[in-house]
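# Fold and geometry: a report
Below, each chain spelled out in residue letters.
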Amino acid sequence: MFWERKMRGLPTFITICLAALLLSPVAARSQEAAKAELDRQTSPRKAVIIPLHEMIHPLSAALLERKFRDAVDSGVDVVIFDIHSPGGFTQVTFELMDMVLDANDVETVAFVEKDAISGAALFALSCDKIIMLPDARIGDAGEIVMGADGAYRYTEAKSRSVLAQKVRDTAEATGRPIALAEKMTDKDMVVFKATNKENGSVRYFSDKEWVALENQDAWEKGPPVREAGKEMFFTANGRRAAELGLIDQTVASRAELASTLNLQEPIPTLERTWVDTLVLILNSGFVTFLLIVIGLTALVIELSAPGLGIGGLTSTLCFGLFFWSRFLGGTAGWLEVTLFVIGLLFIAAEVFVIPGFGVAGISGIVLSLGSLVMASRRFLMPHSSEELASLGMDVLTVVGAFVAFLIALLVLAQYLSEIPGLSRLTLKPTVALEGSGTSEGMAATSLPGWQRVEVGSVGEAISALRPGGRVMVDDFTVDVVTEGDFVDPGTQVRVIGKQGAKVIVRPVA
């Protein structure tokens, strides 16, 4: 009987042993995974610092976005925005806020050592954490515009409503007091502290929220927050902002910041490179003005020389730098480049192919200048006074450069009278009307080439005809155009027609 009981328990014993053997590696792996996860959580994290030490505008925002993408692509755990900025364009600030709010693979930290004012404060609200030095400041994000008299005023209600809603949504997404965040943008509301009578929790209400609150009896209303009273935009230093729960905490130094966030030291900073500096310089108004003037002038000079000369290279360099800087600045794309090239082709067709000056020439000028303005904008139509003022400055820069180009063209006409198309701007010797003979004492050689040449005359191209150029007939030269064909220098051509001063030629078969 005893051995029977032993034998009946044997399968159970074997099963237990086999289970222990099979599950032991799984348990070991689970322990290793748990240990690795603990090590990952306790080991210092990788971080980078991206400075924001200037006004927020389309160009600075584009550079900041590129730095942020580079930081995320590098695989860091934390991106720290070192903020010291007076804010800037509202719409551009919204774009930066959305960029940070949509970043789910990295922790974002706003670190304020001095000031995060206006749009910079709103940008800080969008980060996962806000850490400040005790005496740094944050807030004062009311939207103001310059009036016709030059005085700054509070924006209209429609614009304020959009701004306030954006701030409320951002504060809710990042877990910060909504009323205090909104008070940064609204000087008319009053914010006060309230304590829940049941659980003692603290919440901040605006006077507007309190009126619409259904369970007022559950809260004990306290005095207004001193920084959030009537006729003022909420602004606080680091100590007060931490006390109110608007920021996460304060630190005394960057070393303490690294210790608080458990970061590897030293924390690298993505400083501005020489490319970033060059892009900023090329996007400045004065340099933009010079690039356009020099580029257009060099393009006209190139028309006087066969092949690709110094004029063509200079023009290509100027407009290449212009559009390259706009590409990196985030304000231009291939549409602007295409419109610019089409505009130049229209102008060339008007000068060399189509007699007079009409639709093609005007359309070419509008397309070219319009593309230069578009290449400096991140918006198609302005939606605020600041965008309208910025658009006006860009238009003024481009139109001013075009006027300066025309002045330069008139000056060059005195020295480059043989440039096809440009020669019509220069003074010509007295021209005899066809069929009237020459004036008394006037030699035939004193007449311009287009009047001396006859239909059927044969000459030799002394420059490339593209389709305009110069031809030697007998012992004089004449500006001519082909029927659209390109002709190499040295080719024999025949005059097949004349339309005023326009001489049309065709290669001799």
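For clarity, every value in this text was computed on a predicted model and none was experimentally measured.

### Points about the overall build of the protein
Within the protein one finds 16 helices and 17 strands. Contacts in the protein between residues far apart in sequence, at least 24 positions, make up 61% of those at least 6 positions apart.

### Some thoughts on the sheet that holds strand β10 (residues 219-224)
If you walk across this open sheet you meet the three strands as β9-β8-β10, and the pairing is antiparallel. The outermost strands of the open sheet, each flanked by one partner alone, are β9 (202-206) and β10. Neighbour-to-neighbour, the strand axes of the sheet open up by a mean angle of 35°, direction not taken into account. For strand β8 (residues 191-196) and β10, the ladder comprises four bridges, and the chain directions are antiparallel. Each residue of the ladder has a partner; that of A194, found in β10, is K221.

### Some points on the UniProt feature "transmembrane region" (unreviewed entry) in the protein
When the UniProt feature table is mapped to this numbering, "transmembrane region" (unreviewed entry) covers residues 278-301, 308-325, 331-349, 356-375 and 395-416. The span residues 278-301 is 92% helix and 0% strand, and its two end C-alpha atoms sit 27 Å from each other. Regarding residues 331-349, the helix share stands at 84% and the strand share at 0%, and the terminal C-alpha atoms are separated by 29 Å.

### A look at the packing of helix α2 (residues 58-73) against helix α10 (residues 274-282)
At a closest axis distance of 11 Å, the pairing of α2 and α10 adopts a crossing angle of 160°. Looking at the two axes, α2 sits roughly antiparallel to α10. Considering the relative orientation of α2 and α10, their crossing is right-handed. Every residue of α10 that contacts α2 at L59, L63, R66 and K67 is listed here: D276, V279 and L280. Of the residues in the contact of α2 with α10, the class split is four nonpolar, no polar and three charged.

### Here's the deal with the pattern of salt bridges
Scanning the model with the defined rule gives 19 salt bridges in all. Note that R272 and E54 form a salt bridge whose closest N and O atoms lie 2.5 Å from each other. Residue R272 is located in the loop between α9 (254-260) and α10, and its partner E54 is located in the loop between β1 (47-52) and α2; the two are separated by 218 residues in the primary sequence. E54 gets classed as partly exposed once you look at its relative accessible area, which sits at 22%. Where salt bridges share partners, they join R226, E227, R240 and E243 into one cluster.

### A closer look at the packing of aromatic side chains
Inspection of the entire model under this criterion finds 10 aromatic pairs. Seen from their ring centres, F192 and W210 are 5.5 Å apart, and the 75° between their planes marks the pair as edge-to-face. With F192 in strand β8 and W210 in helix α7 (residues 207-212), the pair connects residues that are 18 residues apart, well separated along the chain. According to the relative accessible area criterion, W210 is buried, its value standing at 12%. In this structure an aromatic cluster arises from ring pairing among F192, F205, W210 and W219. If you follow K166 out to its NZ or CZ, it ends over the ring of F94, 5.8 Å from the centre. Sitting over the ring of F192, K221 keeps its end group 4.3 Å from the ring centre.

### Describing α10
Taken as a whole, α10 has its buried residues at D276, V279 and L282. An end-on view of α10 places all buried positions within 130° of arc, on one side of the element. Those residues of α10 hidden inside the fold are in contact with α2, α11 (285-302) and α12 (310-328).

### Things to note about a nonpolar patch on the surface
On the surface, V395, V399, V403, I407 and V411 cluster together to form a nonpolar patch covering roughly 390 Å² of accessible area. Counting through the fold element by element, I407 comes out in helix α15 (residues 385-413). When its relative accessible area of 52% is taken as the criterion, I407 is described as exposed.

### A short note on the environment of V503
Its location among the elements puts V503 in strand β17 (residues 502-507). Judged by relative accessible area, which is 1%, V503 ranks as buried. Distance from V503 to T482, taken between C-alpha atoms, is 8.4 Å for residues 21 residues apart in sequence. Beyond its immediate chain neighbours, meaning those up to four positions away, V503 contacts W450, V453, V478, D479, V480, V481, V495 and G497.

### What to know about unusual backbone geometry
Cis geometry marks the peptide bond from E265 to P266; its omega dihedral reads -5°. Along the chain, the position of P266 falls in the loop between α9 and α10. Positive phi outside glycine occurs at D140, with the angle close to 55°. With respect to the element layout, D140 can be found in the loop between β5 (137-139) and β6 (144-146). Residue N262 is not a glycine yet carries a positive backbone phi of 55°. A relative accessible area of 26% means that N262 is categorised as partly exposed.

### With respect to the pairing of strand β15 (residues 476-481)
Inspection of the sheet shows strand β14 (residues 468-473) paired to β15 by six bridges, in the antiparallel sense. Across the sheet, R470 pairs through a bridge with D479, a residue of β15. What sits between β14 and β15 in their antiparallel hairpin is a turn of two residues, with D474 showing a positive phi close to 60°.

### Considering the nonpolar core
In terms of nonpolar packing, the biggest core is built from 68 residues, with V79, I80, F81, I83 and I138 touching the most fellow members. With 23 residues, the next largest nonpolar core counts I292, V293, F323 and A332 among its residues.

### Describing the side chain of S126
Considering the arrangement of structural elements, one finds S126 in the loop between α4 (119-125) and β4 (129-132). For S126, a relative accessible area of 1% translates into the label buried. Contact partners of S126, with chain neighbours within four places excluded, come to M97, V100, L101, T170 and T174.

### Things to note about the environment of V251
As for its position among the elements, V251 is in the loop between β12 (249-250) and α9. Under the relative-accessibility criterion, V251 is labelled buried at 1%. In this structure, the C-alpha to C-alpha distance between V251 and I131, residues 120 residues apart in sequence, is 7.0 Å. Residues contacting V251, with those up to four places away along its chain left out, are F111, I131, M132, L133, P134, E256, L257 and T260.

What counts as what
- Residues numbered from 1 in each chain as written.
- Predicted model: local features only at pLDDT ≥ 70, side-chain atom pairs only at ≥ 80, totals over all residues.
- Heavy atoms only, no water.
- Helix = DSSP H or I, 4+ residues; strand = E, 2+ residues; numbered from the N terminus.
- Contact = heavy atoms within 4.5 Å.
- Pairing = 2+ DSSP bridges.
- Axes fitted to C-alpha atoms, helices over the stretch in contact; angles between N-to-C directions.
- UniProt positions renumbered as here; feature names shortened; annotations may be inferred.
- Parallel < 35°, antiparallel > 145°, perpendicular 65-115°, else oblique.
- Left-handed = near helix turned anticlockwise from the far one by under 90°.
- Nonpolar A, V, L, I, M, F, W, Y, C, P; charged D, E, K, R; others polar.
- Salt bridge = Lys/Arg side-chain N within 4 Å of Asp/Glu carboxyl O.
- Buried < 20%, exposed > 50% of the residue type's maximum accessible area, 1.4 Å probe, protein only.
- Phe/Tyr/Trp six-rings, centres within 6.5 Å; stacked < 30°, edge-to-face > 60°.
- Lys NZ or Arg CZ within 6 Å of the ring centre and 35° of its normal.
- Arc of directions from axis to C-beta.
- Patch = residues over 30% accessible without salt bridge, like charges linked within 9 Å, V, L, I, M, F, W, Y side chains within 5 Å.
- Areas by Shrake-Rupley, 256 points an atom, 1.4 Å probe, with all protein chains shown as cover.
- Core = buried A, V, L, I, M, F, W, Y, C linked by side-chain atoms within 4.5 Å.

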